[in-house]
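# What the coordinates show
So the chains spell out like this:
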Amino acid sequence: GETGARLRRARIQAGGLAVLISAVVFSGFHYVGAGADLFVWKEFVYRAIGGAILGVIFILRGFGVVVYTHAAYDLLVFFFFPLVWP
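Right, let's walk through the structure included here. Numbering of residues begins from 1 in every chain and follows the order in which that chain's sequence is written. This being a predicted model, a pLDDT of at least 70 is required before a residue's local features are given, and a value of 80 or more before pairs of side-chain atoms are given or counted; all residues contribute to the totals for chains, interfaces and linings. Hydrogen atoms and water are omitted, and side-chain values are computed over all heavy atoms in the structure.

## Points about the environment of Gly50
As a reminder of what qualifies: The helix count covers DSSP runs of H or I at least four residues long, the strand count covers runs of E at least two residues long, and both are numbered beginning at the N terminus. Each residue gets one of three labels from its accessible area relative to the maximum for its type: buried under 20%, exposed over 50%, partly exposed in between, using a 1.4 Å probe on protein chains only.
Inspection of the secondary structure assignment puts Gly50 in helix α2 (residues 41–61). Gly50 sits in the partly exposed class, given a relative accessible area of 26%.

Encoded structure:
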């Protein structure tokens, strides 16, 4: 009924807000610590989009799939990025 629809809408809104916040935090953590990158807006937004994608994957599939997805991305960048960027 109406209560179920309201609950579904609230869960979607909460999930969306959680994805948005976690994406910004995910991107921000790349600029903290000893091996931190220099802050560049374009890179921050790129990483935030990646964080949002990982957040949606987390909601749909769980933590393990997010870890494997991030690791696969890191390996692709590590091995293939030097080949396409002189």
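## Focus: α2
Residues spaced three or four apart along an α-helix point in a common direction, a consequence of the helix completing one turn every 3.6 residues. Definition in use: The length a helix should cover is 1.5 Å for every residue beyond the first. The directions from the helix axis to the C-beta atoms form the arc being described.
Helix length check: α2 (21 residues) gives 30 Å between terminal C-alpha atoms against 30 Å at 1.5 Å per residue, within 8%. Among the residues of α2, Phe44, Arg47, Ala48, Gly51, Leu54 and Gly55 are the ones counted as buried. Take α2 and look down its axis: the buried residues cluster within an arc of 125°, on one side only. Of the exposed residues in α2, those oriented more than 90 degrees away from the buried face are Lys42, Tyr46, Leu60 and Arg61. Positive phi shows up at Gly62, right after α2, with a value of about 110°.

## What about the layout of surface pockets?
Summary: where empty space remains is shown by rolling a probe the size of a single water molecule over the atoms. The cut-off we apply is this: Here a cavity denotes grid points, spaced 1 Å and computed from the protein atoms alone, that fit a 1.4 Å probe unable to get out, and a pocket denotes an open set having protein on both sides within 12 Å along at least 5 of 7 lines; residues with an atom within 4 Å of a point are the lining. Grid points are joined across faces, edges and corners, and a volume is the space filled by probe spheres set on the points. Amino acids are sorted into nonpolar (Ala, Val, Leu, Ile, Met, Phe, Trp, Tyr, Cys and Pro), charged (Asp, Glu, Lys and Arg) and polar (every other residue, Gly among them).
In this model, the largest pocket occupies a volume close to 560 Å³. When contributions to the lining of the largest pocket are tallied by element, the ones reaching two or more residues are α2 and α3 (63–84). The element that contributes the greatest number of residues to the lining of the largest pocket is α2, accounting for seven residues. Across the lining of the largest pocket, the residue classes break down as seven nonpolar, four polar and five charged.

As far as function goes, none of this settles anything; it's purely spatial.
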